[in-house]
Amino acid sequence: MEKTPFYANGLNFSCKRCSACCRHDSGFVFISEKDMENLESALKMDKKSVIDMYCRWVTDWQGDKALSLKEKHNKDCILWDNGCTVYDNRPRQCITFPFWESVLMSQESWEIAATGCPGINNGQLHTKDMIGKYLGEL
């Protein structure tokens, strides 16, 4: 029998565009083909140029080679400059934050994420079905 997730009644979240999730912390922002198309459009660059300037090849969680955004030396996202420079075309991983498996593991992990994100537990209610859709998109 499947355990009912702690978010069965939904969770509140609205991005405050504070950039806390984009800065000062190392991590991977994996780029899908659709993300690449959006970045090419937003940056008005061809795919090779986007990859050369903004991306790096890394090993993902399954041990496969994957494309990820670079980080600046201070661990800010390469696309951050007083805010996301491609906000309307940002990668799907960024759009679906904080509805990631690692954040939704437990009520505790959600509350830990909330300490660094003012949008968590505030704003729009996201239903269990909506959250499931976000999880399926990553």
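Participant: Mind laying out the packing of aromatic side chains, listing which residues take part and the relevant values?
Facilitator: Tallied over the full model, the rule gives eight aromatic pairs. Relative to Trp 61, the ring of Phe 30 has its centre 6.1 Å away and its plane inclined at 85°; by these criteria the two rings are edge-to-face. Separated by 31 residues along the polypeptide, Phe 30 in the loop between strand 1 (11-13) and helix 1 (33-43) and Trp 61 in the loop between strand 2 (55-59) and strand 3 (65-69) bring together distant segments of the chain. Given a relative accessible area of 18%, Phe 30 falls into the buried group. Classification of Trp 61 by relative accessible area gives exposed; the value is 69%. One aromatic cluster is present, built from ring pairs that chain together Phe 13, Phe 99, Trp 110 and Tyr 134. One Lys or Arg, Arg 23, reaches over the ring of Trp 80 and ends 3.7 Å from the middle of that ring. Positioned above the aromatic ring of Trp 57 is the side chain of Lys 65, whose terminal nitrogen or guanidinium carbon lies 5.2 Å from the ring centre.

Participant: Could you give an account of helix 1, naming the residues involved and the relevant values?
Facilitator: Residues that lie three or four places apart on an α-helix share one face, since the helix turns once every 3.6 residues. Residues of helix 1 that are buried: Asp 35, Met 36, Asn 38, Leu 39 and Leu 43. Buried residues along helix 1 cover an arc of 165° about the axis, so they all sit on one side. Opposite the packed face of helix 1, turned more than 90 degrees from it, sit the exposed residues Glu 33 and Lys 34. Lys 44 lies just past helix 1 and shows a positive phi near 55°.

Participant: Run through the packing of helix 1 against helix 2 (residues 47-54), naming residues and quoting values.
Facilitator: It is the contact of helix 1 with helix 2, at a shortest axis distance of 9 Å, that shows an interaxial angle of 90°. Between helix 1 and helix 2, the angle falls in the class roughly perpendicular. Taken together, the residues of helix 2 that come into contact with helix 1 (itself represented by Glu 33, Met 36, Leu 39, Glu 40 and Leu 43) are Lys 47, Val 50, Ile 51 and Tyr 54. Tallied by class, residues from the contact of helix 1 with helix 2 come to six nonpolar, no polar and three charged.

Participant: Pulling in residues and values, what's your account of the nonpolar core?
Facilitator: By size, the foremost hydrophobic cluster in this structure holds 16 residues, and its most contacted members are Ile 31, Leu 39, Leu 43, Val 50, Cys 55, Leu 69 and Leu 79. Those elements that place two or more of their residues in this core are helix 1, helix 2 and strand 3. For Val 50, the residues in contact, after removing those within four places along its chain, are Met 36, Leu 39, Glu 40, Leu 43, Met 45 and Cys 55. Counting 14 residues, the second largest nonpolar core, distinct from the first, contains Phe 13, Phe 99, Cys 117 and Ile 120.

Participant: Go over the pattern of salt bridges with me, naming the residues and quoting the values.
Facilitator: Summed over the entire model, instances satisfying the criterion amount to four salt bridges. In this structure, Asp 76 engages Arg 23 in a salt bridge whose closest nitrogen and oxygen atoms are separated by 3.1 Å. Here Asp 76 is found in the loop between strand 3 and helix 3 (92-96), whereas its partner Arg 23 is found in the loop between strand 1 and helix 1, with 53 residues between them in sequence. Judged by its relative accessible area of 24%, Arg 23 is partly exposed. Ionic pairing is found between Asp 52 and Lys 48, a salt bridge with its closest N-O pair at 2.6 Å. In this pair, Asp 52 and Lys 48 are both assigned in helix 2, four residues apart and thus about one turn of the helix distant.

Each value, and the rule that gives it
Residues numbered from 1 in each chain as written. Predicted model: local features only at pLDDT ≥ 70, side-chain atom pairs only at ≥ 80, totals over all residues. Heavy atoms only, no water. Phe/Tyr/Trp six-rings, centres within 6.5 Å; stacked < 30°, edge-to-face > 60°. Helix = DSSP H or I, 4+ residues; strand = E, 2+ residues; numbered from the N terminus. Buried < 20%, exposed > 50% of the residue type's maximum accessible area, 1.4 Å probe, protein only. Lys NZ or Arg CZ within 6 Å of the ring centre and 35° of its normal. Arc of directions from axis to C-beta. Axes fitted to C-alpha atoms, helices over the stretch in contact; angles between N-to-C directions. Parallel < 35°, antiparallel > 145°, perpendicular 65-115°, else oblique. Contact = heavy atoms within 4.5 Å. Nonpolar A, V, L, I, M, F, W, Y, C, P; charged D, E, K, R; others polar. Core = buried A, V, L, I, M, F, W, Y, C linked by side-chain atoms within 4.5 Å. Salt bridge = Lys/Arg side-chain N within 4 Å of Asp/Glu carboxyl O.

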